[in-house]
Amino acid sequence: MVSSNIAVTHASTGLVVADVTRAERISSHVIRITLGGDALADWEHVGFDQWFRLAVPTSDAARFDNLSDRFGVSGYLKYLTLPRSTRPVIRNYTVREFRPDTAELDVDFVIHGGVGIAGPWAERLPVGDTVGLIDQGAGFRHKDAADVLLVGDESAMPAVLGILRDLDRNATGTAVIEVPAADDVQPDEAPDGVDVRWIIRSGGDRPGTRALEEVTALVPAPTVRAFSAGESRLATGARRHLVSGCGVPKENVAFCGYYKLRPDHA
Ligand SMILES: Cc1cc2nc3c(=O)[nH]c(=O)nc-3n(C[C@H](O)[C@H](O)[C@H](O)COP(=O)(O)OP(=O)(O)OC[C@H]3O[C@@H](n4cnc5c(N)ncnc54)[C@H](O)[C@@H]3O)c2cc1C
């Protein structure tokens, strides 16, 4: 995480090993991977923007049995001692949907070009691969919020859609979601009183810029409960506007830079 104030929790399940049972390109920039397996029957689903550390295999020799149950400082240090040839890479992802009846968990991966590990791995539609998941809980703590402001780019679309799905049905407010193309827009399950604004950016725009413009034009009441995530400048810029510009207490704004755009990005 680039810059964040979200709290981290750990479910008692620890490391959960699962298999890719389905993989499908669902829109221009999103691959949906479905994970299954007996161990997922114990997954502690908390909803909202629940996220996890994802151990992604980089070769057939990848091992999951020697990973820690937690990925705090000691878990990370132990991870660093593992042989590079067999250790998976660790990235952060959000639960898009969990179906307890079939113990299946969906994850939406943004396709962001040929760079990195997790994005290109998902792009291969890796049905049959094994992965590891370590739950980190939900960052949006205001589960009974009455008035919300949520903002994210495509990497945070699963988080914002999860919060909208799990909010109290009487909640009101605004959600701003920026995506690269019109077909990346997904159905939402927002409460009737939440105005969901989809922004389709045009090719040359830096991710997050348009969403940040939309949010900085809003002046919510200081009592609002907010969530901002996605490209680092969007997450921190929205928080700055809310805290410094609108007087929203810092603790009412959960924010998280999900990734930092490469400096060479246009
Ligand atoms: C709590 C949390 C939840 C997250 N949930 C999701 C999720 O559900 N779905 C999702 O797709 N992402 C999610 N992310 C973001 C994801 O972890 C990052 O995009 C991650 O960098 C992807 O790993 P990678 O191996 O593909 O690329 P990396 O090896 O990490 O990065 C390689 C290069 O790609 C660039 N890059 C990485 N991601 C993007 C992007 N989205 N757009 C443009 N450039 C990018 C980086 O700037 C870097 O230069 C989440 C992040 C956090 C912290």
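For the structure itself, consult the block above.
Small disclaimer: the values here were computed from a predicted structure and weren't measured.

**Thoughts on the packing of aromatic side chains**
(1) Moving on: Inspection of the entire model under this criterion finds eight aromatic pairs.
(2) Moving on: Their ring planes at 25° and their centres at 6.2 Å tell us that F48 and F140 sit as a pair that is stacked. Note that F48 is positioned in the loop between β2 (30-36) and β3 (51-56) and F140 in the loop between β7 (130-137) and β8 (147-152), a separation of 92 residues in sequence. F140 carries the same exposure label as F48, and that label is buried.
(3) Moving on: Taking 5.7 Å as the distance between ring centres and 70° as the angle between the ring planes, the aromatic pair formed by F71 and Y79 counts as edge-to-face.
(4) Moving on: Each member of the aromatic cluster is reached from another via a ring pair, and the members are F48, F140 and F227.
(5) Moving on: A cation sits over an aromatic face here: R87 above Y79, 4.8 Å from the ring centre.

**A closer look at the sheet that holds β3**
What links the strands of a sheet is backbone hydrogen bonding, and the strands pair in either a parallel or an antiparallel sense.
(1) Moving on: Spatially, seven strands are ordered β4-β3-β7-β1-β2-β6-β5 in an open sheet, and the strand pairing comes out antiparallel. Of all strands in the sheet, those bounded by a partner on one side alone are β4 (89-94) and β5 (97-99). Going across the sheet, the axis of each strand differs from the next one's by a mean of 35°, ignoring polarity.
(2) Moving on: Bridge count for β2 against strand β6 (residues 104-110) is six bridges, and the pairing is antiparallel. The residue of β6 that forms the bridge with I31 is F109.

**Things to note about the packing of helix α4 (residues 209-216) against helix α5 (residues 232-246)**
(1) Moving on: One can describe the packing of α4 onto α5 by two numbers: an axis separation of 9 Å at closest approach and a directional angle of 10°. Classified by the interaxial angle, the pair formed by α4 and α5 is roughly parallel. Facing A211, L212, V215 and T216 of α4, the residues of α5 in contact are R233, L234, G237, A238 and H241.

Rules of the game
- Residues numbered from 1 in each chain as written.
- Predicted model: local features only at pLDDT ≥ 70, side-chain atom pairs only at ≥ 80, totals over all residues.
- Heavy atoms only, no water.
- Phe/Tyr/Trp six-rings, centres within 6.5 Å; stacked < 30°, edge-to-face > 60°.
- Helix = DSSP H or I, 4+ residues; strand = E, 2+ residues; numbered from the N terminus.
- Buried < 20%, exposed > 50% of the residue type's maximum accessible area, 1.4 Å probe, protein only.
- Lys NZ or Arg CZ within 6 Å of the ring centre and 35° of its normal.
- Pairing = 2+ DSSP bridges.
- Axes fitted to C-alpha atoms, helices over the stretch in contact; angles between N-to-C directions.
- Parallel < 35°, antiparallel > 145°, perpendicular 65-115°, else oblique.
- Contact = heavy atoms within 4.5 Å.

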